[in-house]
Each structure stands twice: as C-alpha cells, then as structure tokens.
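The chain contents come next:
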Amino acid sequence: MGDLFLVRHGETEWSRSGRHTGRTDVPLTERGRDEARRLVPLIRSHRIGAAFVSPLQRARETAELIGVRDARVDADLCEWDYGGYEGVTTPEIQRSRPGWFLFTDGVAPGPPDRPGESPEQVGERADRMLAKAEAALANTEGVVVLIAHGHFLRVLTARRLGLSPRYGALFQLATGALCRLGTEHGRPVLAGWNIRPPE
C-alpha cells in the first residue's frame, strides 16, 4: 500500500476568524494562496498516482495552486456539515451550550439544505473516501493526494488508523498543511503531520 497525502486548503476569512465553514463556499485569502504555493516543492518531490479534491472552491483552488490539476472532484471530501452552527465560532456556541465539543456532541440541526452531520455520519463519508483512495493506491504507482478540509481530514485520519470518528479531535490540522498517512509492517501509521514549509 502506498501513502496517502492529505492537504488542507489554505486560509480563508472564515478559517482565520474561527467560524465553522462547512458548505459555505468561501474563497482563499491571499495568505491562503501563499500557504498553498509553499507546498509545491513537497508535492512535486513525489509521484502522484491519483488525486481527489472536494468540490468547494477553497479546496479546488488549493489543488490548482499546488500543481494538482487533474484531481477528481468528490463530494465525499466536503467539510463537515455544521448545520445550525455554520458560520458560528466555538466560543459563540459554548455560550448556549457550555462544554460543547464538535467531535463528541455533533451540531444543531440546520435548514433543509444544511441539516448537519453527526460525528458518525462524517466517519461514514470518511470510510467511503478511504475505500476509493485505497482502490486508487492498489491500481497505481505513487501517492494518492486528497485535498479537502480540516475537520473532515481529521476524522478521515482517525478512521484510517482504526479509531472512531471522535478521535479526529487528537489531530489538530493547520490551513495549508500536508499530512502523510503510510504503513509500517502492513499497518496504517501516521508518517507525517502538519507539514508546512517555512514562510
């Protein structure tokens, strides 16, 4: 089994301010574009066998900027659907729900087009995405790159390591960062995390 490269999109205005940015399609900031460009040498130093990208513009633009122009768009890579917490910060949520924690408590329901997802539902999407990535790894040489979003990639990492979705909480992930999921003796391992070239 080859390695999975996970790339979180660069900074957006909402990520900078701590607002939960699920399905709202916000663009990268200039700093976010710079974060993505700095990943180019890390990406180019490996042969890419396949790549997948979230349909949201912040992920697609990041893919373009890192030089991955033939990535397959896959809705399973979308960010967590935050439902009623879309655009709201954690401190704001905790004013009405003291002690609230996304990875264990989930979100409040939202409107019909944004009903919200539980940690388990995000885990199911991550499992589907991992099955597609593993199929690509089995049929190609090189790494498979997934360009997506912070909370979703954290859950995907937990699932790849055999952990429940809530353990995504253990993997803080910065904007414009690269992570590497590999294997050791046939078992999944975390081979590199939050890799960001110096500014």
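Higher on the page you've got the structure.
From a predicted model like this one, the values you see are computed outputs, not experimental measurements. Here, residues in each chain are numbered from 1, in the same order as that chain's written sequence. Given that the model is predicted, a residue must reach a pLDDT of at least 70 before its local features are reported, and side-chain atom pairs must reach 80 or more before they are shown or counted; all residues, however, enter totals for whole chains, interfaces and linings. With hydrogens and water excluded, all non-hydrogen atoms of the structure serve as input to the side-chain values.

Enquirer: Pulling in residues and values, what's your account of the packing of aromatic side chains?
Expert: Any aromatic ring pair is given by two values, namely how distant the centres are and how the planes are angled relative to each other. Planes of paired rings set the category: under 30 degrees apart is stacked, over 60 is edge-to-face and the rest tilted, where pairs are Phe, Tyr or Trp rings (Trp by its six-membered ring) whose centres lie within 6.5 Å. All chains considered together, the criterion is met by four aromatic pairs. When the ring of Y85 is compared with that of W100, the centres are 5.3 Å apart and the planes differ by 75 degrees; the resulting orientation is edge-to-face. Of this pair, Y85 sits in the loop between β3 (72-73) and α5 (90-96) while W100 sits in the loop between α5 and α6 (102-105), placing them 15 residues apart in sequence. Note on accessibility: Y85 and W100 belong to one class, buried. Judged by centre distance (5.5 Å) and plane angle (55 degrees), the rings of F171 and W193 are tilted. A residue pair is termed long-range when its members are at least 10 positions apart, and F171 in the loop between α8 (150-160) and β5 (178-184) and W193 in strand β6 (residues 187-195) qualify at 22 residues. The way it works is that DSSP assigns letters per residue, a run of H or I at least four long becomes a helix, a run of E at least two long becomes a strand, and they are numbered from the N terminus. Only protein chains enter the accessibility calculation, which uses a 1.4 Å probe; a residue is then buried when its area is under 20% of its type maximum, exposed when over 50%, and partly exposed in between.

Enquirer: Explain the nonpolar core to me, using residue names and the numbers behind them.
Expert: For our purposes a nonpolar core is just a set of buried Ala, Val, Leu, Ile, Met, Phe, Trp, Tyr and Cys residues, chained together by side-chain atoms within 4.5 Å. Grouped together as the largest cluster of nonpolar side chains are 32 residues, with contacts concentrated most on F52, W80, V144, L146, F152 and L156. Of all the elements in the fold, those that place two or more residues in this core are β1 (4-8), β2 (48-53), α6, α7 (119-138), β4 (143-148), α8 and β5. Among the elements that make up this core, the one with the highest residue count is α7 (seven residues). The contact definition used throughout considers only heavy atoms, calling two residues in contact when any of these lie within 4.5 Å. Here L156 is in contact with L6, A126, M129, L130, L146 and L181, once residues within four sequence places are set aside. Listed in part, the 16 residues of the second largest apolar core include A36, I43, V143 and V145.

Enquirer: Help me get a handle on the packing of α7 against α8, residues and values and all.
Expert: Two quantities define a packed helix pair, namely the angle between the helix axes and the distance between the axes. Here, axes are lines fitted to C-alpha atoms. For helices the fit covers the stretch in contact, and angles between N-to-C directions go from 0 to 180 degrees. Running from amino to carboxyl end, α7 crosses α8 at an angle of 70 degrees, the nearest separation of the two axes being 9 Å. Considering the angle they form, α7 stands roughly perpendicular to α8. Of the two elements, α7 crosses α8, and the hand of that crossing is right-handed. Residues V122, G123, R125, A126, D127, M129, L130 and E134 of α7 lie in contact with α8, whose contacting residues are F152, V155, L156, R159 and R160. Side-chain classes follow a simple rule in which Ala, Val, Leu, Ile, Met, Phe, Trp, Tyr, Cys and Pro form the nonpolar group, Asp, Glu, Lys and Arg form the charged group, and the remainder, Gly included, forms the polar group. Within the contact of α7 with α8, the residues separate by chemical class into seven nonpolar, one polar and five charged. Roughly parallel covers angles under 35 degrees, roughly antiparallel covers those over 145, roughly perpendicular covers 65 to 115, and oblique covers all other angles. Note: crossing handedness is left-handed where the near helix turns anticlockwise from the far helix by less than a right angle, and right-handed where it turns clockwise.

Enquirer: Lay out unusual backbone geometry with the relevant residues and their values.
Expert: Its identity is not glycine, yet H185 carries a phi of approximately 55 degrees, on the positive side. Structurally, H185 can be placed in the loop between β5 and β6. Residue class for H185 comes out exposed when judged on its relative accessible area of 78%. Despite not being glycine, N194 shows a phi value in the positive range, around 55 degrees. The topology assignment puts N194 in strand β6. Residue N194 is classed as partly exposed on the basis of its relative accessible area, which comes to 22%.

Enquirer: Explain the pairing of β5 to me, using residue names and the numbers behind them.
Expert: One ladder, built from four bridges, connects β1 with β5; its direction is antiparallel. When the bridges of β5 are listed, L4 appears paired with L181. DSSP bridges decide pairing: two strands pair if at least two such bridges lie between them. Both β5 and β6 contribute to a ladder of six bridges, which runs antiparallel. Note that in β6 the partner of G182 across the bridge is V189. The hairpin formed by β5 and β6 contains two residues between the paired strands, and H185 there has a positive phi angle of roughly 55 degrees.

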